[in-house]
Amino acid sequence: MIIELPLFSDSSRRNQAGARPIRMGFFHFSNNNLSIRRQCARDVGMYDLNATKSEDVDLCFRVALSPKWIAWREDEAVVRHKGRRTLWGLITQMWGWGLYVGYPYAKTGIRGVFLYWLNGRNHTLVGRFETSRFPILVCAFPTDFYFVNVFALLLLLAACFGHWWLALIAVAGLVWAIPRYLADIRKITMMPSAKVKLAIVHYLTNVAFTVAAFVGALRHRIILIPSSVFRPDHPRTP
Amino acid sequence: MAPELDWRPIGGGRYSRVTWLLQAIVLLLGRTPLKSVFGRIYDLGMRRVVAAVASHPAVCCILGSGSYFENRATYGLSDVDLIIVLNEKVTRADASAREIAHLYEREQSIFKFLGRWPEKEANLIYLSDIAAGFPAPESFRIRYKQGKLVKLYGELPSGIVSGAITSSEVLGEINTLLRFSLVADPRHVEREIFWKRIFAKLIALTELIDLPEAAASMRMRLDLNFMREDDARVFFRRSDPNTMFALQLTLSRQIMHLIAAREGKQKIRQVRFESQQRRPELPANLIAPAFMRDLVDQQLIDIKSVAPVPIGFGPRMLYFAIGDPIPMLELHEATYEGILRLRKIIGKRPPTDLNALVSTDGFLFIISRQPTFVDLIPLDPLQFANVYAAAFGDSLDFEMPANVLAEQQAGATTMFHALANLYRTNDSKVAKLPHPCIYREDEGEVIENALRILRVQAACAPAWTLIQRTRDVFEYLRRKHPECEQFLNELERYQRNMYGDLSLGTTEANNIYHCLHQFMYQALTGAQTIAVDSPHAHLGITVGVITRNRAGDLAEMLESLTHQVRLPDEVLVVDNGSTDRTQEVLGQFRERLPIRCEFLERADIPAARNMVIESAANEIISFVDDDCITEPRWLAAVERGFLRAENIGVVGGWVHHQPAPHRSTVDNYYRTFHHTKS
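Nothing here was measured: the structure is a model prediction, and the numbers come from that model. (Residues numbered from 1 in each chain as written. Chains lettered and ligands numbered in written order. Predicted model: local features only at pLDDT ≥ 70, side-chain atom pairs only at ≥ 80, totals over all residues.)

S.K.: Can you help me understand the domain arrangement of chain B in this one?
M.R.: How big an interface is tends to be stated in terms of the accessible area lost upon association of its parts. Domain boundaries assigned for chain B yield domain 1 (17-154), domain 2 (167-261), domain 3 (269-398), domain 4 (405-433 + 440-523) and domain 5 (541-677). A C-alpha centroid distance of 50 Å is found between domain 3 of chain B and domain 5 of chain B. (Domains from an automatic or database assignment.)

In structure tokens form, the structure reads like this:
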């Protein structure tokens, strides 16, 4: 899963998740490797029939919020999953995930603004802002991916309207943000041409996922800006 | 990725130039009529912070100590120690401490003199810990017994602290002061005012143990002349930390010598566990990491190997592995400078489990790489006489003052009982944390910790059995508790398997975690006969698969299920409207797997999953997708997960990417960004 989720069970207090390294799927297990006790499933209300494609996220949210049950990770419980074979298949998969991920957020009924700025290089939380005083739920997990897009958009605007000083700012911003955004890919040992292709695929899937999540969340009257796809850490990292 | 390293500020906090300047301004203005204004600001700050913290329902009482509460405050420099006692309903796993921190920091952002929260956090007292049998922190006990605590809110329950100040408490305080000097911000340590505080506390300790003459002679020392001077003068002077720390060490030793001289000494003869041969000496280059050997080349340190011994006789300092020789770094330069250099060098290393003894000027410390800083733990020669005997004499015999020994033994017994309570509480139930997360535990660490605690228990009176190999801990326990032989054999095999050692064979003891807890809480309370459940237990598991027109993938998945080391009790496949040869594939596996098939015409995955949960023959349902391949130990791990505790509702693991037959950019993407996911 792509979104790091500090479940806002009590938004008026400081969330300990902030002190932890951020990594994908920290709070939930994917359905392709999820085992459940029947009594636990009954206690938390079984799978939600309305939670298309995000039923695992929704179920794990409810387990996390339950006063009794907990979710446990066994490092040896490993399955291998076959990914999509084509770029189109990958993009539609990411689009599908994104489109339905807003539902579990909306379902929590929590309102407020929750901003978490994530460092894509080491997957840690850089800064945060939390307030429960807002009529709707706004969740944003900006990463370097968003900064790249914002500066690229600025550059486009500057070029259109001939604002050279704005173009300079945008270029400086891109010089700062692009190496950070590409940090994961730069670390990989691979031919340069393969890295370029990988960067393009990574960018397209990020666009598909983040746009889908934003649009999908709007359908549930919440604003969700998910984090972009990280390279996950070693499995033993907590 | 190593977290941001902060090797300086523990205990004293950061001491920046700005802090110094602010202190200097307040100190100078405090000598003018403005003093009364500062007094009011301090009073207001104290009232506000006490009111804020007391508003939290977990707070039972608040106590204060320090010069401010004794009406001899030097504004700008005064200690304002708050001791916050939390009621019995609150445990360390609760969110209360963070909520109180939030309340405190809100006030502290205005009244800076209150000090940072981490300093106060060390003074939090959990009555639940005390109820479980853990002793109250030493510094609290000693201040309480001195009558130096001022009640600011609530009532402290009676019976938490009793009796007179013990030698061990004084030794603990001396160690705390030594540690404080070594880990405080070097910019603070180079100020004479820092040392004035340290020596004042040291002299006060000497008076506490009824040694007024020794205290008076310390006061009269020429090199402590600054103790008689005004704070404002001392504040602006620098001092040499090397000289001052050497003096602190000398005076600390004098106090220890006086404590030892007051009581008779008791000789102790440790008995090496009989099954073992004497270990061959390992060369120093094998016991210390390479970067330390660079320091040897620079003639800054020598590395020696110390035979493995427990650190003292309490189950508190479990820093070193049972069987490995302990690396000892002998410093060649001044103690303070040498230790600071070591802390900096070790601090640049990744936060691995790096611990070593440091020997300097005849005194021993433990240096320990913690996740965000490098800690120093002083080991005084009275409480840790066994370590000194091993380090400097390689001897099994040593002497301890009789009173210190008696206190150590009483303390150890209390701690063993408290740990037993903890094991009992955690058996079959995982304490839920205040924030949402996925729970996991390093099993190797759990077993190793348990063995280290049991080894300390064996090292205590009356047997004084010194165990220096992990396998001997098992042998010792087998002889002591023959009724648990099966469990101990399985535990040993299980532990060795974790490190890739198959010499004792493999084991699938899936209930070992629960059995270990059972064993520990009985062993630590000194039970003569211990009863544990079988390390092998069985839970019925149904594997649930939802499939739709993926007959080829489904066949591969079912094939992988047949290779499980723990086979499923039922495989429940929900055919979500397939029109391909799915049924034919299922038919092929019916003889090898207990397959049952249900049909759900409409494509509705959540409904299909609910159908599996409700109609499964077993209580545990493991979902796997038809486009996955299970690793052979997958189901065994799932079963082990559920057996750990009754409140584990969901067990998951990792999803790795199955590489495609032909490499492509899309496959590279999955390998890079989805090689593991939940």
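S.K.: Where do I start with the packing of helix 20 (residues 485-498) of chain B against helix 21 (residues 512-523) of chain B in this structure?
M.R.: Helix-helix packing: each pair is described by the crossing angle between the helix axes and the interaxial distance. All names here are of chain B. With their axes 11 Å apart at the nearest point, helix 20 and helix 21 run at an angle of 125° to one another. Taken as axis vectors, helix 20 and helix 21 run oblique relative to one another. Crossing of helix 20 over helix 21 shows left-handed handedness. Of the residues in helix 21, those in contact with F487, E490, L491 and Y494 of helix 20 are I512, C515, L516 and F519. The residue makeup of the contact of helix 20 with helix 21, split by class, is seven nonpolar, no polar and one charged. (Axes fitted to C-alpha atoms, helices over the stretch in contact; angles between N-to-C directions. Helix = DSSP H or I, 4+ residues; strand = E, 2+ residues; numbered from the N terminus. Parallel < 35°, antiparallel > 145°, perpendicular 65-115°, else oblique. Left-handed = near helix turned anticlockwise from the far one by under 90°. Contact = placed C-beta atoms within 7 Å. Nonpolar A, V, L, I, M, F, W, Y, C, P; charged D, E, K, R; others polar.)

S.K.: Sorry, what's going on with the interface of chain A and chain B here?
M.R.: Listed as interface residues are 70 residues of chain A and, on the opposing side, 68 residues of chain B. Element by element, the count of residues in the side of chain A that touches chain B is highest for strand 2 (residues 70-82) of chain A, at 13 residues. Partitioned by chemical class, the residues of the side of chain A that touches chain B number 37 nonpolar, 16 polar and 17 charged. Across four bridges, the pairing between strand 1 (residues 34-37) of chain A and strand 17 (residues 620-623) of chain B is antiparallel. (Pairing = 2+ DSSP bridges.)

S.K.: I'm lost on the packing of helix 9 (residues 192-208) of chain B against helix 12 (residues 241-262) of chain B in this one. Help?
M.R.: Residues and elements named next belong to chain B. Interhelical geometry of helix 9 versus helix 12 gives an angle of 5° and a closest axis separation of 11 Å. If you check the angle between helix 9 and helix 12, you find them roughly parallel. Only M244, Q248, L251, S252 and I255 of helix 12 make contact with helix 9, whose side of the interface consists of W195, I198, L202, L205 and T206. Here the residues of the contact of helix 9 with helix 12 sort into seven nonpolar, three polar and no charged.

S.K.: I tried to follow the environment of V44 of chain A on my own but got confused; where do I start?
M.R.: Looking at the element boundaries, V44 of chain A is found in helix 1 (residues 38-44). Residues V44 of chain A and R84 of chain A lie 40 residues apart in sequence; the distance between their C-alpha atoms is 32 Å.

S.K.: Would you mind going over the confidence of the model for chain A with me for this structure?
M.R.: Detailed reading of predicted coordinates is not advised where the pLDDT is low. Residues and elements named next belong to chain A. For chain A, the mean per-residue pLDDT works out to 81, and 84% of the residues sit at or above 70. Every residue in residues 1-26 is under pLDDT 50, and counting partners more than four places away or in other chains gives 70 contacts. The low-confidence segment residues 234-238, where pLDDT is below 50, has six contacts with residues more than four positions distant or belonging to other chains. (pLDDT = per-residue confidence, 0-100.)

S.K.: Explanation requested: the sheet that holds strand 2 (residues 81-86) of chain B in the structure shown.
M.R.: Note on sheets: strands pair through backbone hydrogen bonds, and any given pair is parallel or antiparallel. Residues and elements named next belong to chain B. Taking strand neighbours across the sheet as the criterion, the four strands line up as 3-2-1-4 in an open arrangement whose pairing is mixed. Lying at the two open borders of the sheet, with one neighbouring strand each, are strand 3 (125-126) and strand 4 (150-154). As defined by bridge partners, strand 1 (residues 59-65) adjoins strand 2 across six bridges and the pair is classed as antiparallel. Bridge pairing links L63 to I83 in strand 2.

S.K.: So what exactly am I meant to see when it comes to the nonpolar core here?
M.R.: The tendency in soluble globular proteins is for nonpolar side chains to be buried as a group. Among the nonpolar cores identified, the biggest contains 105 residues, and L329, L357, V358, I367 and M520 of chain B are the most heavily contacted of them. Sequence-distant contacts of M520 of chain B, defined by excluding residues within four places in its chain, comprise A420, Y423 and A450 of chain B. Among the nonpolar cores identified, the runner-up in size contains 92 residues, and C40, W69, Y103 and I222 of chain A belong to it. (Core = buried A, V, L, I, M, F, W, Y, C linked by C-beta atoms within 7 Å. Buried ≥ 20, exposed ≤ 12 C-beta atoms within 10 Å, placed from the backbone.)

S.K.: Is there a simple way to explain the sheet that holds strand 11 (residues 374-379) of chain B in this structure?
M.R.: All names here are of chain B. The mixed open sheet is built from five strands, whose spatial order is 7-8-9-10-11. One side of each edge strand has no neighbouring strand; the edge strands of this open sheet are strand 7 (301-306) and strand 11. Within the sheet, the average angular offset between the axes of one strand and its neighbour, ignoring direction, is 30°. When strand 7 meets strand 8 (residues 326-331), the two strands line up antiparallel, connected through six bridges. Counterpart to D302 in the pairing with strand 8 is E330.

S.K.: Looking at this structure, I do not really get the pairing of strand 1 of chain A. What am I missing?
M.R.: Regular strands place side chains that alternate from one sheet face to the opposite one. Here strand 1 of chain A shows no split at all, with L34 and I36 of chain A on one side and S35 and R37 of chain A on the other all buried. Sheet topology places strand 1 of chain A next to strand 19 (residues 648-658) of chain B; three bridges connect them, and they run antiparallel. Pairing of S35 of chain A across the sheet is with V651 of chain B, part of strand 19 of chain B.

S.K.: Looking at this structure, how should I read the environment of V574 of chain B?
M.R.: All names here are of chain B. Note that V574 resides in strand 15 (residues 570-575). The exposure class assigned to V574 is buried, which follows from the 22 C-beta atoms found within 10 Å. As for V574 and V545, which are separated by 29 residues in sequence, their C-alpha atoms are 6.2 Å apart. With residues near it in sequence (within four places) discarded, V574 still touches I546, E598, L600, A608, M611 and V612.

S.K.: Honestly, helix 20 of chain B in this entry has me stumped. Any pointers?
M.R.: Spacing of three or four residues puts side chains on the same side of an α-helix, whose turn is 3.6 residues. Residue and element names in this part refer to chain B. With 14 residues, helix 20 should reach 20 Å at 1.5 Å per residue; the first-to-last C-alpha distance of 20 Å fits that figure. Here helix 20 has its buried residues at F487, L488, E490, L491, E492, R493, Y494 and Q495. Looking at the buried side of helix 20, the elements it contacts are helix 18 (443-459), helix 19 (470-480) and helix 21. Remark: G500 follows helix 20 within two positions and exhibits a positive phi of approximately 80°. (Expected span 1.5 Å × (residues − 1).)

S.K.: Would you mind showing me how to read unusual backbone geometry here?
M.R.: Leave glycine aside and you will find that most residues have negative phi; peptide bonds, for their part, are mostly trans. Residues and elements named next belong to chain A. Positioned with a positive phi, M46 is a non-glycine residue whose angle comes to about 60°. Among the structural elements, M46 can be located in the loop between helix 1 and helix 2 (55-65). Here R221, not a glycine, exhibits a phi torsion of approximately 60°, which is positive. Along the polypeptide, R221 turns up in the loop between helix 8 (192-219) and strand 6 (223-225). What makes R221 exposed here is the crowd of 11 C-beta atoms within 10 Å.

S.K.: Got a minute to help me understand the environment of N32 of chain A in this structure?
M.R.: Position of N32 of chain A relative to the elements: it lies in the segment before strand 1. For N32 of chain A, a count of 22 C-beta atoms within 10 Å corresponds to the buried category. Taking the C-alpha atoms as reference points, N32 of chain A and N119 of chain A, 87 residues apart in sequence, are found 28 Å from one another. Discounting residues that sit within four places of it in the chain, N32 of chain A has contacts with V79 and H81 of chain A together with V624, D625, C628 and V655 of chain B.

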